[in-house]
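A closer look at the structure
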Amino acid sequence: MIIFHYDKTFEGLLTAVFDAYNRKTFPDKLLRVEELEPLFVDVSYRVITDEEKSSRVWKRLEKKLSPITRNMLSYVWMSELAGSDELIFRYVRKALDSKQSIEMNFADNDVLEMRNVAQKVNKEKHRLIELVRFQKAADDIFFAPVSPDHNSLPLTLEHFTDRFADQKWIIYDTKRNYGYYYDLKTVTEMTLDSNNHFTEGKLNEKLMAEDEKLFQELWRGYFKSMTIKERINLKLQQQHMPKRYWKYLTEKQ
Amino acid sequence: MKEETLEKLKTLAESAKYDVSCSSSGTTRKNTPGSIGSTAGWGICHSFTEDGRCVSLLKIMLTNYCIYDCAYCINRRNNDIRRATFSVEELVELTIEFYRRNYIEGLFLSSGVINNPDYTMERMVRVIKQLRTVHRYNGYIHMKSIPGASELLVREAGLYADRLSVNIEIPTEQNLKMLAPEKDHKSVFAPMLYIQQGVLESGEERRKFNSAPRFAPAGQSTQMIIGATDDTDKQILNVSASIYQRPSMKRVYYSGYIPINTNDNRLPALIKPPLVRENRLYQADWLMRFYEFNVDEIVDDKFPNLDLEIDPKLSWALRHPEQFPVDINKADYSQILRIPGIGVKSAKMIVVTRRYARLTSESLKKMGVSLKKAQYFITCNELAAFNVNDTSPEYVRRILTEKKMSKGKDNKHQTALIFPE
């Protein structure tokens, strides 16, 4: 068995592709640096992330793959699913080796799997766009906590900066403990030093803007009134709006 | 914003909720500096109520006072319900504040008719005009056009709204007259035509001048109530088919009649709203819009109503076994679309993938194509499977509609391993 160790960055992964072609040996497994190896390892190789190598691989991919598919690579990377890096590695190798484009060959397991994982992440991106709920703080910053399964928050920034261009906002991933702050001009990544700004998805009442509670009340009242009792279908509701999102939904609190 | 707004909001939401349309798609509007919001072309749902319907727009009435007495409507003049009216400023502020918190994608404004259609329509136009011009709001706006309103006001509304709509409500005029004596089809189709003309003219102008104003860029939609009258599915779908012919008509919504006004003997006594029929009508609507079906293929004089037990595509396939089996590896796209159980996405996947490899039922399954129904109607790159022509349509129908014993429930036919105490 051939093992490659790398630093679990996307650039590292592309460097691994470069090194593999260079050495003409392809890994059966990709592991983190220092990660415990399985038994019976024939070759163990340590990849040193190198910007030049990774950008050369990327340039080659730009010739081989359409922009949509290149996007898909980063979506699969963001999925943070176990084995997604190995999947990308296999896909990239197939793409580089094939004379024709492999993008539409859904009869191939890896091509299909790439599409399915990318779709999952894309689905979650849309869920975030739908279900983010801002609470207005006293300093006029709109605050929204989220906890997505995949690391899909960065994918939503383009949408949110366009839509809420004239208000300051923070969207914070409580699971990965980082977020983004928009100051009316640019978006910057940030980390909160303490968790006492909010409890159970709600902004601390002391930090809330004056009329925030009223608007939350209005929204809850509106949401309740919209239900048509003759048509109750809780299963359908949950199918569209899975329960794991409920803790941060104003109307469900 | 005061506490009493909450009561108003609840009352007017209760009154507006029976309108089905909630889509926020069809227009793209990027944010420009100094303005609020944007509109995404693909429509965004923001929440789902307990009945499973999406909340995309703030669906609200300006007022639920009404001079009309339509039997099917909750806001009819003779109903004893709580009434309220929003002021223009109140509704504008509510929309903006909800929008800023990402609760909604925009506003769906409707209203009961007060004084006369023009008076009502003018107030509604003031709301959306203020949103667009004073607040420079870029979100989605869907506005109901009041039947009988003048062309001038419809034309003005189209400048600010993304979508305008007029509800047909009852598919046949004779039944409409019975339930809503003060209305006729003319008052519905006239504003529909104004909207259509506005959309066409603005399209024409924008081809010449890029900066010409847009007019209801997301087109128009309409709604029909199902099951309040004795109209057949054939009549309903024929109305839909004919109005889909019109340019600018994007969607027809079907709303299963909910028995709200039980003391009116012109209306049928229903225990439950006809939800299955409503679903079948939507499926038939989809067949017309995305599956290249003609309305006569779905319903005709022999089958004036849709089959409630099976979906309209399967029902069509069982009536036409001579069209099957379809060879997945050879048939063209439009034939594949007609296979029961295969949707637009699957059909497209099949067409692109078969260039690389011959498809088997195994590869179809992996691609996520559902074979439950399709298996009786296809052949692929393997030994011929059992299809509809090896047996009879009746038999296929029976196996597909048979109720399955669910795993958790007690299965009396199986010997229990653990004896009950």
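Please refer to the structure higher up on the page.
Computed from a prediction, not measured in an experiment: that's the story for all the values here.

With that out of the way, let us pick up the overall build of chain B. Per the secondary structure count, chain B includes 15 helices and 10 strands. Oriented by its inertia axes, the alpha-carbon framework of chain B measures out at about 70 × 60 × 50 Å. A separation of at least 24 residues holds for 68% of the contacts in chain B among residues at least 6 apart in sequence. Counting every atom, chain B has about 19500 Å² of accessible surface; 52% of that belongs to carbon and sulfur. Each charge class in chain B can be summarised by its mean position, and for the 59 positive and 50 negative side chains these summaries are 4 Å apart.

Moving on to the overall build of chain A. When its secondary structure is counted, chain A shows 8 helices and 10 strands. Its C-alpha atoms give chain A principal-axis dimensions of roughly 65 × 45 × 40 Å. A burial count over chain A gives 51% of its 253 residues as buried. In chain A, 66% of the contacts between residues at least 6 apart in sequence involve partners at least 24 apart. Of the roughly 13000 Å² of accessible surface on chain A, 50% is carried by carbon and sulfur atoms. Of the side-chain charges in chain A, 41 are positive and 40 negative, and the distance between the mean point of each set is 5 Å.

Residue and element names in this part refer to chain A. One pass over the full model with this rule turns up 43 salt bridges over all chains. Lys94 is paired through a salt bridge with Asp108; the nearest N and O atoms lie 3.1 Å apart. One end of the pair, Lys94, is in helix H4 (residues 84-97); the other, Asp108, is in the loop between H4 and helix H5 (109-131), and 14 residues separate them in sequence. For the salt bridge of Arg133 with Glu251, the shortest nitrogen-to-oxygen distance reads 2.9 Å. Of this pair, Arg133 sits in the loop between H5 and strand S4 (135-136) while Glu251 sits in the segment after helix H8 (234-240), placing them 118 residues apart in sequence. Each member of the pair, Arg133 as well as Glu251, carries the same accessibility label: buried. Three or more residues joined by partner-sharing salt bridges are found here, namely Arg90, Lys94, Asp108 and Asp110.

As a further point, take unusual backbone geometry. Residue and element names in this part refer to chain B. Following Phe324, the chain continues to Pro325 via a peptide bond in cis, the omega torsion being 0 degrees. Within the secondary structure, Pro325 sits in the loop between helix H10 (312-319) and strand S9 (326-327). Even without being a glycine, Glu169 presents a positive backbone phi close to 65 degrees. As for its position among the elements, Glu169 is in the loop between strand S6 (163-165) and helix H5 (173-179).

Right, let's talk about the packing of helix H3 (residues 67-78) of chain A against H5 of chain A for a bit. Residues and elements named next belong to chain A. Where H3 meets H5, the closest approach of the two axes is 8 Å, and the angle between their N-to-C directions is 75 degrees. Taken together, H3 and H5 sit at an angle that is classed as roughly perpendicular. For the pair H3 and H5, contact is made by Met72, Leu73, Tyr75, Val76 and Met78 and by Met114, Arg115, Val117, Ala118, Val121, Asn122 and Lys125, respectively. Partitioned by chemical class, the residues of the contact of H3 with H5 number 9 nonpolar, 1 polar and 2 charged.

The next point concerns the side chain of Arg280 of chain B. All names here are of chain B. Relative to the elements of secondary structure, Arg280 occurs in helix H8 (residues 275-290). One buried charged residue, Arg280, remains without a salt bridge, the closest side chain of opposite sign being Asp311 at 5.4 Å. From its side chain, Arg280 meets the backbone oxygen of Ile310 in a polar contact 3.3 Å long. Filtering out sequence-adjacent residues up to four positions away, Arg280 remains in contact with Leu306, Asp307, Leu308, Glu309, Ile310, Asp311 and Pro312.

This part takes up the pairing of strand S2 (residues 29-32) of chain A. Residue and element names in this part refer to chain A. Sheet topology places strand S1 (residues 2-6) next to S2; 4 bridges connect them, and they run parallel. When the bridges of S2 are listed, Phe4 appears paired with Leu30. For the segment spanning S1, helix H1 (residues 10-23) and S2, crossover handedness is right-handed.

Residues and elements named next belong to chain B. Within this structure, the stated rule accounts for 1 cavity of 30 Å³ or more. The calculated volume of the largest cavity comes to roughly 700 Å³. Considering the residues around the largest cavity, the lining is formed by 42 residues, among which Asp19, Tyr72, Cys73, Asn167 and Glu169 are closest to the centre. Listing elements by their share of the lining of the largest cavity, those giving two or more residues are helix H1 (4-16), strand S3 (57-61), strand S4 (106-110), strand S7 (220-226) and strand S8 (249-256). Element by element, the count of residues in the lining of the largest cavity is highest for S3, at 3 residues.

Moving on, we get to the sheet that holds S2 of chain A. All names here are of chain A. Taken in spatial order, the 3 strands line up as S2-S1-S3 in an open sheet, and their pairing is parallel. Either end of the sheet is taken by a strand with one partner, and the two such strands are S2 and strand S3 (43-46). When the angles between neighbouring strand axes are averaged without regard to direction, this sheet yields 25 degrees. The pairing of S1 with S3 spans 4 bridges and is classified as parallel. Considered in S3, the bridge of Phe4 is made with Tyr45.

Turning our eyes to something else, we now look at the sheet that holds S7 of chain B. All names here are of chain B. On the basis of which strands lie adjacent, the open sheet formed by 6 strands has the order S3-S4-S5-S6-S7-S8 and parallel pairing. One side of each edge strand has no neighbouring strand; the edge strands of this open sheet are S3 and S8. Direction aside, neighbouring strands of the sheet carry axes that sit 20 degrees apart on average. With 3 bridges connecting them, strand S5 (residues 140-144) and S6 associate as parallel partners. Residue Lys144 lies in a different strand from S6, and its bridge partner there is Ser165.

Moving on: the interface of chain B and chain A. Listed per partner, the contact involves 58 residues of chain B and 53 residues of chain A. Here chain B packs against chain A, burying approximately 5200 Å² in sum over the two surfaces, 60% of which is carbon and sulfur. In this structure, Arg101 of chain B and Glu212 of chain A form a salt bridge, with 2.8 Å as the shortest nitrogen-oxygen distance. On inspection of chain B and its partner chain A, the count reaches 25 residue pairs in polar contact (both at pLDDT 80 or more). Among the elements of the structure, H1, strand S1 (47-48), S3, helix H2 (88-100), H8 and helix H12 (344-353) of chain B are those that each provide at least two residues to the side of chain B that touches chain A. For the side of chain B that touches chain A, the per-class residue count stands at 28 nonpolar, 13 polar and 17 charged.

Moving on, we get to H5 of chain A. Helix length check: H5 of chain A, at 23 residues, gives a terminal C-alpha distance of 33 Å against a target of 33 Å (1.5 Å per residue), a fit within 8%. Measuring from the side-chain oxygen of the N-cap residue of H5 of chain A to the backbone nitrogen of Asp110 of chain A gives 2.8 Å; that N-cap residue is Asp108 of chain A.

Okay, the state of the cysteines next. Residues and elements named next belong to chain B. In total, this model carries 0 disulfides over all chains according to the counting rule given. A disulfide-free cysteine, Cys22 has its sulfur positioned 3.9 Å from the sulfur of Cys54, the nearest such atom. Its sulfur unpaired, Cys66 is 6.4 Å from the next cysteine sulfur, which belongs to Cys73.

Right, let's talk about the packing of aromatic side chains for a bit. This structure, assessed with the given rule, holds 23 aromatic pairs over all chains. Ring geometry for Trp169 of chain A against Tyr182 of chain A: centres 5.3 Å apart, planes inclined by 20 degrees, an arrangement best described as stacked. You can see Trp169 of chain A sitting in strand S6 (residues 168-173) and its partner Tyr182 of chain A sitting in strand S7 (residues 178-182), a full 13 residues away along the chain. Of the two residues, Trp169 of chain A and Tyr182 of chain A, neither departs from the other in class, the shared state being buried. A connected cluster of aromatic rings, assembled from ring pairs, spans Phe134, Phe142, Phe160, Phe164, Trp169 and Tyr182 of chain A together with Tyr99 and Tyr137 of chain B. It is Arg115 of chain A that lies over the ring of Phe106 of chain A; its NZ or CZ is 5.4 Å from the centre.

Reading the values: rules and limits
Residues numbered from 1 in each chain as written. Chains lettered and ligands numbered in written order. Predicted model: local features only at pLDDT ≥ 70, side-chain atom pairs only at ≥ 80, totals over all residues. Heavy atoms only, no water. Helix = DSSP H or I, 4+ residues; strand = E, 2+ residues; numbered from the N terminus. Contact = heavy atoms within 4.5 Å. Areas by Shrake-Rupley, 256 points an atom, 1.4 Å probe, with all protein chains shown as cover. Lys, Arg positive; Asp, Glu negative; His and termini not counted. Charge placed at Lys NZ, Arg CZ, Asp CG, Glu CD. Buried < 20%, exposed > 50% of the residue type's maximum accessible area, 1.4 Å probe, protein only. Salt bridge = Lys/Arg side-chain N within 4 Å of Asp/Glu carboxyl O. Axes fitted to C-alpha atoms, helices over the stretch in contact; angles between N-to-C directions. Parallel < 35°, antiparallel > 145°, perpendicular 65-115°, else oblique. Nonpolar A, V, L, I, M, F, W, Y, C, P; charged D, E, K, R; others polar. Polar contact = N/O pair within 3.5 Å; in protein donor to acceptor, adjacent residues only side chain to side chain. Pairing = 2+ DSSP bridges. Right-handed = clockwise from strand over helix to strand, strands pointing away. 1 Å grid on protein atoms, 1.4 Å probe; cavity = no way out; pocket = protein on both sides within 12 Å on 5 of 7 lines; lining within 4 Å. Points joined across faces, edges and corners; volume = space filled by probe spheres on them. Buried area = accessible area lost by both parts, 1.4 Å probe. Expected span 1.5 Å × (residues − 1). Disulfide = S-S within 2.5 Å. Phe/Tyr/Trp six-rings, centres within 6.5 Å; stacked < 30°, edge-to-face > 60°. Lys NZ or Arg CZ within 6 Å of the ring centre and 35° of its normal.

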